[in-house]
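# Reading the structure
Chain by chain, the residues run as shown.
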Amino acid sequence: DTRHGPVLYVEDVTVSFDGFRALDALNLYIDDGELRCIIGPNGAGKTTMMDVVTGKTRPDTGSVYFGSRIDLLKRSETEIAQGGVGRKFQKPTVFPRHTTEENLQLARAGDKGVWASLFHRPEEAERARVADVLTLTGLAGEAGRPAGALSHGQKQWLEIGMLLMQNPRLLLLDEPVAGMTGQEMERTAELFQSLEGSHAVVVVEHDMEFVRSIAREVTVLHQGSVLAEGDMATVQNDPKVVEVYLGE
Ligand code: ADP
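Bear in mind the structure is a predicted one, so any value in this text is a computation, not a measurement.

This next bit is on the site of the ligand. In the neighbourhood of the ligand, the contacting residues comprise F17, A22, G40, N42, G43, A44, G45, K46, T47 and T48. Ranked by the residues each element gives to the shell around the ligand, the list is headed by helix α1 (residues 46-53), at three residues. For the shell around the ligand, the class distribution of residues is three nonpolar, six polar and one charged.

As structure tokens, this is what we get:
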């Protein structure tokens, strides 16, 4: 078992927009190294939850702790990102004119800036990390290609690779398989499973077939709090969940 207790604690978090509760006393615990899927109808609060964890939105009440009880509500967005929380938005954003390999080097360079990183000579450790990430993401054969020439699926994997270059302890991924072919989805499921144990990965996803294929614990959000939690089979047969999804 790779579980070492929670890496992320979201406790009683409430977020209101003009009196509307986007999150309503949300409690969410993600174990270190765990792969978790979050599902829920539109407006359930999934994006708001990620905004709170990454410091983009501050909650009205509640607490958010990371790792060894680091209070994320006292950290800036930049500090949270540099402190080990990686976030990927739905649309892939890569540097199209740079090669796949250069994109990974640029991601590692972070705040040193694009120019500095293109002219500095990568150290041994950095080259090894780039090679590892290329293999992990299945992009070793594309290392020298401009990122703009990659397929949609490959761009998504590259962007996940760019996050991995920062060595995050927690990854938040928003609908990573949207627009992917069935085969790309299978490879993405394998990629996520191979990250298990070394990175906690939280996947917000609409594609139920993909969630089922991952076959890990699922959290169902509804009206800003947790409606159900468990494996996909259990959650799917929960009368509360059936009602919410039939009502969509
Ligand atoms: P999901 O990602 O699950 O679709 P969201 O977190 O985006 O849900 O939204 C939850 C609810 O909060 C929605 O009803 C949405 O309209 C509302 N909401 C989100 N962000 C804002 C905002 N900045 N201002 C006003 N309402 C918002």
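Here the narrative resumes.
Another point: the sheet that holds strand β3 (residues 35-39). The strand order across the open sheet formed by six strands is β6-β7-β8-β3-β9-β10, and the pairing between neighbours is mixed. Bordering the open sheet on either side are β6 (85-88) and β10 (225-230), each of which pairs with just one other strand. Averaged over all pairs of adjacent strands, the angle between strand axes in this sheet comes to 20°, irrespective of strand direction. Where strand β9 (residues 218-222) lies against β10, five bridges are found, and the strand directions are antiparallel. Paired with L221 across the bridge in β10 is V226.

This part covers the sheet that holds strand β4 (residues 61-66). Overall, antiparallel pairing links the four strands, which are arranged β2-β1-β4-β5 in an open sheet. The open sheet is flanked by β2 (20-31) and β5 (70-71), the only strands paired with a single partner. Bridge count for β4 against β5 is two bridges, and the pairing is antiparallel. Residue pairing in the sheet places Y65 in a bridge with D71 of β5. Where α1 meets the sheet, it contacts β1 (6-17), β2 and β4, and its direction lies at approximately 65° from that of β2.

Along the chain, S151 falls in the loop between α5 (124-136) and α6 (152-164). The exposure class assigned to S151 is exposed, which follows from the 12 C-beta atoms found within 10 Å. Note: C-alpha distance between S151 and N167 (16 residues apart in sequence) is 25 Å.

It is worth spelling out the environment of P92 at this point. Turning to its location among the elements, P92 is positioned in the loop between β6 and α3 (100-109). Owing to 20 C-beta atoms within 10 Å, P92 belongs among the buried residues under this scheme. Placed 34 residues apart in sequence, P92 and E126 show a C-alpha to C-alpha distance of 23 Å. Leaving out residues up to four positions away in the same chain, P92 has contacts with K155, Q156 and E159.

Take the pairing of β1 next. Relative to β2, β1 runs antiparallel, the two being bridged by eight bridges. Among the inter-strand pairings, S16 is bridged to a residue of β2, identified as R21. Where β1 folds back on β2, the antiparallel hairpin that results is connected by two residues, among which D18 adopts a positive phi of roughly 50°. Where β1 lies against β4, five bridges are found, and the strand directions are antiparallel. Counted as the bridge partner of Y9 is Y65 from β4.

Criteria and cut-off values
- Residues numbered from 1 in each chain as written.
- Predicted model: local features only at pLDDT ≥ 70, side-chain atom pairs only at ≥ 80, totals over all residues.
- Near = placed C-beta within 6 Å.
- Helix = DSSP H or I, 4+ residues; strand = E, 2+ residues; numbered from the N terminus.
- Nonpolar A, V, L, I, M, F, W, Y, C, P; charged D, E, K, R; others polar.
- Pairing = 2+ DSSP bridges.
- Axes fitted to C-alpha atoms, helices over the stretch in contact; angles between N-to-C directions.
- Contact = placed C-beta atoms within 7 Å.
- Buried ≥ 20, exposed ≤ 12 C-beta atoms within 10 Å, placed from the backbone.

Fair warning: the whole summary comes from geometry, so function is off the table for now.
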